[in-house]
Amino acid sequence: MPLIATPEQEELRRSLRRFLQQVSGREQVRALLTDDAGYDPAVWHRMATELGLQGLALPEQFGGSGATFAELGVVFEEFGRALVCAPFLSSVVLTGHVLLAVDDPPAQARWLPGIADGTLLATLAVPAGAGHDRAAPLPQATASAGDWRLDGTVMFVPDAQIAQLLLIAARTPAGTSVFAVRAGATGLDRTALPNIDLTRRVSRVDLHATPAELIGPQGGADAALQRALQLATVALAAEQVGGAQACLDMAVGYACTREQFGRPIGSFQAIKHQCADLQVQVVSARSAATWACGIASGEQDPAQLPLAAALAGAYCADAFVTAAKANVQIHGGIGFTWEHDAHLYLKRAKSGQLLLGTPDQHRDTAARLMGIAHEQ
Amino acid sequence: MSSDYAHLDVGDDAEFRALLRTFLTEHGPGKRPKDPAGRLDWQRRWQAVLFDGRWAGPSWPRDCGGMDLPFTRQVIYSEELARARVPNPPGTGVGIAGPTIIKYGTDEQRARWLPALLRADQVWAQGYSEPEAGSDLPSLRTTARRDGDDYVVTGQKVWSTQAQIADVLFALVRTGTQESRQNGITYLVLDLHAPGVTVRPLRDLTGGAAFGEVFLDEVRVPVTNRIGAENEGWRLARTSLGHERAAGAMIQASFYQRVFGELVALARERGTAADPVWSRRLADLGIRVKIMALNAASTIAAIEATGEPGPASSVSRLYNSTLEQELHEIAVDMLGPYGLLDGGPDAVQRGRWVGGFLRTRASTIGAGTAEIQRNTIAEQVLGLPRDPAMPPR
């Protein structure tokens, strides 16, 4: 069980951290908050060409470098630490892994190389919490004269405004299927939603008889969608560990220097104990995410992926929110200002906790997988 | 006692595991007796079986009766003992005093004490806490006055696990001035059957007496029973004693995996698991129990890769002690008023869950309160400043 990073992964972490200090520092993140696209295309390009990040965990036959999800976990942890604004989760993890999981070699050959080298931005429109109890209805797909049209609405689609390609889960007479829609398609409306987390953009996608291309067989796409969502949950969990660690580091740093009553506030047990409790949660969250990334890499026990995703998804999301809230609290008044970064982490923690299945949904999934609740 | 170590030195870890499993299957200790006296006897007999078969003391040197296994095999050993559900050694000497003596004792002391301790011919109890010295242990007041070749020890120790059945007390005593605090403390091993020793069971909130009070009135202890130098005891008691505990962390984790499974079985049997609120609560618990094992495995992986236990080891005790409290409370709450019954025909599973709820109050008090552990994590791991009102360490 690979529960600690290999020397190669540590080297990846070091070089990525240096890179992100240059390109995703405080000023750059602040600039992107008010940017329409919400990411920096030049940085995105450098991630692909200099570091090969987008292709890291994609197969070599599609232009990837065939590393594993464990390396991707390192990348996401660093992204979380540096509040990276980029369509990585949507394009590379969600869309890339849906394409890998559906049986459609021509579609894979057409799109995966672009995803892997960063030249194609793609996203996946699947109702938030799909696969859980409160799944919203999928759009309806209808065939006429061999062409498919989609009707319906999908909420909270990540990075939809900048995506050139949207993969959309829709209902057909044969069951759930995946369709591809081009950004300029007729009857496709994308509306940016005013999500508090400006580092992670989401949209409402409305479809009115939108022409679409069927990817993979008609029906039976639930497993592929579930798998992509599970992998995205694992990647997000790693990101949450990085975010939580950043919050703890900020809180500890501030508590060591801020003085009240003539001494650093970190010398008071009320602050110490909060920080110690955060350390317990951050370390435990890292154990959970590292384990889940190992499972997601497929190298051992791949059948455990649904449980690993639910476990890491629930625990790491909550740990990040707890750390982000405590960080605001420990900073006191300064932590409540717009100028301080504490709120950026708080908002990112909250959006990560709710956008891709909530912790309670993950716990309900875990209840079924652990044999507590029966399958419904 | 066999002096043959061939079974420990087999080339292959899988073969080592198979040999151990065979031994445990063939010599298993049998069912756990219900009465305390029978249980102690059962623990002692089992420990002797392990010792005589050269299957005791995974990290201990072989000249002390141990196995001196490489760390990877210590982990295998822990996994197999957890799986076989065999009893732990009685008392607290094997886990705490033994490693201290291995590290700081003289050859004569090692030979005199360690094999008998490891075989459970003698049961050892710890004498650290005092009525006026709990979290502030360096303020302890049990004094040892030098008189010829003896120390004369007077004072009172409290919260000594299993003191009433123990033969030996390993204790911290004051040899310096009261003001010298941790620089005036000495580590002594004393005979609980000696004149001047009175042991009283300490009835705790569970109604039982897992701990004892030890009264010491002019007890003569030979100087040859001192571990390390005079006034050096505090350093000895605080030294990290190797990674045996990390290897053993898997035992606690597998134990709680099993307990959680039993709780789920109970929830299903009683229909509670069908309630979505309860199934979610239990899943949350199951997630945290699994993370207990992952933290233990992370520590083990870190030791195997780097020789250092890494960050998970410093948070495990706080994480685990809090979780075992919550687990039992969730179980009691799940049973409703039946959760209150600790005996009689209507009690659920003989009241084990409420017993655990009560017993685990001690988990965040004994061996360093949760508050002291939080201070330690905050100061020694995170680097937060010390409280200027606290005496220097």
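Each residue is numbered by its place in its chain's sequence as written, counting from 1. The order in which chains are written sets their letters, starting at A; the order in which ligands are written sets their numbers, starting at 1. This being a predicted model, a pLDDT of at least 70 is required before a residue's local features are given, and a value of 80 or more before pairs of side-chain atoms are given or counted; all residues contribute to the totals for chains, interfaces and linings.

Engineer: Could you give an account of the overall build of chain B, naming the residues involved and the relevant values?
Structural biologist: If you tally the helices and strands in chain B, you get 11 helices and 8 strands. This radius of gyration counts C-alpha atoms alone. The globule rule is 2.2 Å times how many residues there are, raised to the power 0.38. Here the C-alpha radius of gyration of chain B, 22 Å, is about what a compact globule of 393 residues would show, namely 21 Å. Projected onto its principal axes, the C-alpha positions of chain B cover 70 × 55 × 45 Å. Looking at the 393 residues of chain B, the share that counts as buried comes to 44%. In this description a helix means any DSSP run of H or I spanning at least four residues, a strand means any run of E spanning at least two, and both kinds are numbered starting from the N terminus. Three classes are used. A residue is buried when 20 or more other C-beta atoms lie within 10 Å of its own, exposed when 12 or fewer do, and partly exposed in between, with C-beta atoms placed from the backbone.

Engineer: How would you explain the overall build of chain A if you had to name every residue and give the values?
Structural biologist: Counting its regular elements, chain A contains 11 helices and 9 strands. Here chain A has a C-alpha radius of gyration of 21 Å; the compact-globule value for 376 residues is 21 Å, and the two agree. Counting only residues that meet the buried cut, chain A has 58% of its 376 residues in that class. Contact criterion: two residues are in contact if their C-beta atoms, reconstructed from the backbone, are within 7 Å. Contacts spanning at least 24 positions in sequence make up 74% of the contacts within chain A whose residues lie at least 6 apart.

Engineer: For helix α7 (residues 222–257) of chain A, give the residues involved together with the corresponding values.
Structural biologist: An expected span of 1.5 Å times one less than the residue number is assigned to each helix. The first and last C-alpha atoms of α7(A) sit 52 Å apart over 36 residues, in line with the 52 Å expected at 1.5 Å per residue. Burial of α7(A) is extensive: 29 of the 36 residues sit out of reach of the surface.

Engineer: Help me get a handle on the domain arrangement of chain A, residues and values and all.
Structural biologist: Residues and elements named next belong to chain A. Where each domain begins and ends is defined by an automated method or by a domain database. Looking at the assigned domains, one finds that chain A contains domain 1 (7–116), domain 2 (122–219) and domain 3 (223–369). Between domain 2 and domain 3, the residue contacts involve 18 residues of the former and 16 residues of the latter. When residues are grouped by polarity, Ala, Val, Leu, Ile, Met, Phe, Trp, Tyr, Cys and Pro land in nonpolar, Asp, Glu, Lys and Arg in charged, and all others, Gly among them, in polar. Considering only residue class, the side of domain 2 that touches domain 3 consists of 9 nonpolar, 6 polar and 3 charged.

Engineer: Just give me the short version of the confidence of the model for chain A, but keep the residues and values in it.
Structural biologist: On average, residues of chain A carry a pLDDT of 95, and 97% of them reach 70 or more. Confidence scores labelled pLDDT are given residue by residue by the predictor and lie between 0 and 100. Of the regions scoring below 50 in pLDDT, residues 130–134 of chain A engages in 12 contacts with residues more than four places distant in sequence or in other chains.

Engineer: Please give an account of the domain arrangement of chain B that cites residues and values.
Structural biologist: Residue and element names in this part refer to chain B. Split by domain assignment, chain B resolves into domain 1 (13–88), domain 2 (124–231) and domain 3 (244–381). A separation of 31 Å is found between the C-alpha centroids of domain 2 and domain 3. Across the side of domain 2 that touches domain 3, the residue classes break down as 2 nonpolar, 2 polar and no charged.

Engineer: Explain the environment of B:Gly95 residue by residue, including any values.
Structural biologist: With respect to the helices and strands, the residue B:Gly95 is situated in helix α4 (residues 93–104). Distance in space between the C-alpha atoms of B:Gly95 and B:Arg245 is 8.0 Å, their sequence separation being 150 residues.

Engineer: Can you explain the packing of helix α8 (residues 269–296) of chain A against helix α11 (residues 370–381) of chain B? Please cite residues and give values.
Structural biologist: Close contact between α8(A) and α11(B) brings their axes to 8 Å; oriented N to C, the two are set at 80 degrees. By the angle between their directions, the pair α8(A) and α11(B) is classed as roughly perpendicular. Contacts from A:Gln269, A:Lys272, A:His273, A:Cys275, A:Ala276, A:Asp277 and A:Gln279 in α8(A) reach B:Glu371, B:Arg374, B:Asn375, B:Ile377, B:Ala378 and B:Val381 in α11(B). Each residue belonging to the contact of α8(A) with α11(B) can be placed in one class, and the counts come to 5 nonpolar, 4 polar and 4 charged. Angles run from 0 to 180 degrees between N-to-C directions of axes, and those axes are lines fitted to C-alpha atoms, restricted for helices to the stretch in contact. Should an angle lie under 35 degrees it is considered roughly parallel, over 145 roughly antiparallel, and from 65 to 115 roughly perpendicular; all remaining angles are considered oblique.

Engineer: Describe in detail the environment of A:Ala86, supporting the description with residues and values.
Structural biologist: Residues and elements named next belong to chain A. Of note, Ala86 is situated in the loop between α4 (69–81) and α5 (88–101). Each C-alpha atom of the pair Ala86 and Thr123 lies 12 Å from the other, and the pair is 37 residues apart in sequence. Ignoring any residue separated from it by four or fewer positions in sequence, one finds Ala86 in contact with Tyr39 and Trp44.

Engineer: Break down unusual backbone geometry for me, citing the residues and quoting the values.
Structural biologist: Residue and element names in this part refer to chain A. The backbone of Phe156 shows a phi angle near 60 degrees, a positive value even though the residue is not glycine. Residue classification places Phe156 among the buried positions, given that 21 C-beta atoms sit within 10 Å. One non-glycine residue with positive phi stands out, namely Ala209, at about 50 degrees. With respect to the element layout, Ala209 can be found in strand β7 (residues 202–215).

Engineer: Got a sec to walk through the nonpolar core? Specific residues and values, please.
Structural biologist: Residue and element names in this part refer to chain A. Within the largest apolar cluster, 240 residues are counted, with the highest numbers of intra-cluster contacts made by Phe179, Val234, Ala288 and Ala292. Residue contributions to this core peak at 21 residues, all from α7. Filtering out sequence-adjacent residues up to four positions away, Phe179 remains in contact with Ala141, Trp148, Leu150, Ile168, Ala170, Ala212, Glu213, Leu214 and Ile215. For the purposes of this analysis, a nonpolar core is taken to be any set of buried Ala, Val, Leu, Ile, Met, Phe, Trp, Tyr and Cys residues that are connected through C-beta atoms within 7 Å.

Engineer: Report on the packing of helix α9 (residues 311–335) of chain B against helix α10 (residues 352–359) of chain B, specifying residues and quantitative values.
Structural biologist: All names here are of chain B. Interaxial distance between α9 and α10 falls to 8 Å at its minimum, and their mutual angle equals 140 degrees. Our classification of the angle between α9 and α10 gives oblique. You can see that α9 and α10 cross each other, and the crossing is left-handed. Every residue of α10 that contacts α9 at His328, Glu329, Ala331, Val332 and Leu335 is listed here: Trp353, Val354, Gly356 and Phe357. Here is the rule for handedness: rotate from the far helix to the near one, and if that takes an anticlockwise turn smaller than a right angle the crossing is left-handed, while a clockwise turn gives right-handed.

Engineer: Mind laying out the interface of chain A and chain B, listing which residues take part and the relevant values?
Structural biologist: At the junction of the two partners, chain A supplies 35 residues and chain B supplies 38 residues. Elements supplying a minimum of two residues to the side of chain A that touches chain B: α7, β9 (263–264), α8, α9 (305–331) and α11 (359–369) of chain A. Tallying contributions element by element places α8(A) first for the side of chain A that touches chain B, with 13 residues. For the side of chain A that touches chain B, the class distribution of residues is 21 nonpolar, 8 polar and 6 charged.

Engineer: Break down the pairing of strand β1 (residues 122–125) of chain A for me, citing the residues and quoting the values.
Structural biologist: When a strand is regular, its side chains alternate between the sheet's two faces. Residues and elements named next belong to chain A. Every second residue of β1 is oriented toward a common face, with Ala122 and Leu124 on one face and Thr123 and Ala125 on the other, all of them buried. Alignment of β1 against strand β4 (residues 165–172), held across 4 bridges, turns out to be parallel. Within β4, the residue paired with Leu124 across the bridge is Leu167. In this analysis, strands are considered paired if DSSP registers two or more bridges between them.

Engineer: Outline α8(A), listing residues and values.
Structural biologist: Within an α-helix, residues lying three or four positions from one another point in the same direction, as the helix has 3.6 residues per turn. Residues and elements named next belong to chain A. Taking 1.5 Å as the rise per residue, α8 with 28 residues should run 40 Å; its terminal C-alpha atoms sit 40 Å apart, in good agreement. The element α8 is largely enclosed, with a buried count of 25 among its 28 residues. Directly beyond the C-terminal end of α8, a positive phi value near 80 degrees is found at Gly298.

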